[in-house]
Amino acid sequence: MNIKIVADSSCDLTKDMKKELNVDIAPLILQLGEKKYIDDENLDVKQYIKDMGECPTAPKTACPSPEEYMKKYEGKESVFVVTLSSKLSGSYNSAVLAKNLFIEEVADKFIHVFDSLSASAGETLVALKIHELSKMNFKEMEIVEKVSNYIKEMKTFFLLESLEHLAKAGRLTPIIAKIANMFSIKPIMGATDEGTIRLVEKTRGYKKAFKRFIEIIGEEGSNLEEKILAIAHCNCLDRALRFKEEVLKKYKFKDIIIVEMAGLSSTYADDGGLVIAF
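This is a predicted model, so every value here is computed, not measured. (Residues numbered from 1 in each chain as written. Predicted model: local features only at pLDDT ≥ 70, side-chain atom pairs only at ≥ 80, totals over all residues. Heavy atoms only, no water.)

Thoughts on the overall build of the protein chain
- From N to C terminus, the protein chain includes eleven helices and 13 strands.
- The globule rule puts the C-alpha radius of gyration for 278 residues at 19 Å, and the 18 Å found for the protein chain is close to it.
- For the protein chain, the spread of C-alpha atoms along the three principal axes comes to 55 × 45 × 30 Å.
- Taken over 278 residues, the protein chain has a buried fraction of 53%.
- Looking at the protein chain alone, contacts between residues at least 24 apart form 72% of all its contacts between residues at least 6 apart.
- A total accessible area of about 13500 Å² is found for the protein chain, and carbon and sulfur atoms account for 51% of it. (Helix = DSSP H or I, 4+ residues; strand = E, 2+ residues; numbered from the N terminus. Rg over C-alpha atoms; globule rule 2.2 N^0.38 Å. Buried < 20%, exposed > 50% of the residue type's maximum accessible area, 1.4 Å probe, protein only. Contact = heavy atoms within 4.5 Å. Areas by Shrake-Rupley, 256 points an atom, 1.4 Å probe, with all protein chains shown as cover.)

What to know about a nonpolar patch on the surface
- On the surface, I175, I176, I179, M182 and F183 cluster together into a nonpolar patch covering about 510 Å² of accessible area.
- The residue I175 is located in helix α8 (residues 174–182) in this model. (Patch = residues over 30% accessible without salt bridge, like charges linked within 9 Å, V, L, I, M, F, W, Y side chains within 5 Å. Salt bridge = Lys/Arg side-chain N within 4 Å of Asp/Glu carboxyl O.)

A few points about unusual backbone geometry
- You will see that L117, though not glycine, has its phi angle at about 55°, which is positive.
- By secondary structure assignment, the location of L117 is in the loop between β7 (111–115) and α5 (121–135).
- According to the relative accessible area criterion, L117 is partly exposed, its value standing at 22%.
- Positive phi, normally seen in glycine, also occurs at N235, with a value near 60°.
- Assignment of secondary structure puts N235 in the loop between β11 (228–233) and α10 (237–250).
- By relative accessible area, N235 is classed as partly exposed at 32%.

Side note on the domain arrangement of the protein chain
- Each assigned domain of the protein chain is listed here: domain 1 (3–152) and domain 2 (156–277).
- The interface is formed by 34 residues belonging to domain 1 together with 35 residues belonging to domain 2.
- With both chains or domains summed, domain 1 and domain 2 bury close to 2500 Å², and 63% of this area falls on carbon and sulfur atoms.
- Where domain 1 touches domain 2, the interface holds one salt bridge.
- Here E260 ties to K46 by a salt bridge, and the two come within 3.8 Å at their closest N and O atoms. (Domains from an automatic or database assignment. Buried area = accessible area lost by both parts, 1.4 Å probe.)

This is how it looks when you write it as structure tokens:
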């Protein structure tokens, strides 16, 4: 079966993965003050992170428009779409509206939109699962059923160096971010079953937090030998590699992949942030 995966730019992938999985990215628009950035392969993420650190106002983000998604739906292939959690962004609703318009105005074809209930590394895993099932010759609706179940079972966690951008963007109260920074508290956050963000644990100091981040995999995960661990990092490859090394000492995952965050994930994770999904 010929398929195409369309994902918003929160789906963090390497260049090789984009090619191998046949993923077409619908970019979000990022805004710092008056300046707008398109979150595509031309974005200099390191420069964007630097600009973000120097910008006094909160970064703003805008999801891909239905028109943007409709362009991505063109072609003969069956289309599977992966978006950010609908609780965190309008991307899912935009993709669904685009599907309805496309089928009505352009052509009657197979398009299914998945709400990842996650972001970053979580979306990466959903795209990988769609690709894997299509290669096993499952039919379209079988893929929908299996991937929907996979999303329900998937776990996503993140460990951030700073909560400043989450607070600036209104995802967290500024007072919590201030206290966390004052007392060097490194919170471990996670996605809920509904796709919102929860506080999993507060830890003092990065070393302790890093250790707990590894332990939480064992506490929250099951059947890890059947699963892939995706690690997304914001400008901190060494940290991601060290995390992988420590994970390998404790757990037997089927595979571990490391990806670099694009602009959208970097906006919230900020310099030094890690997001994991399994």
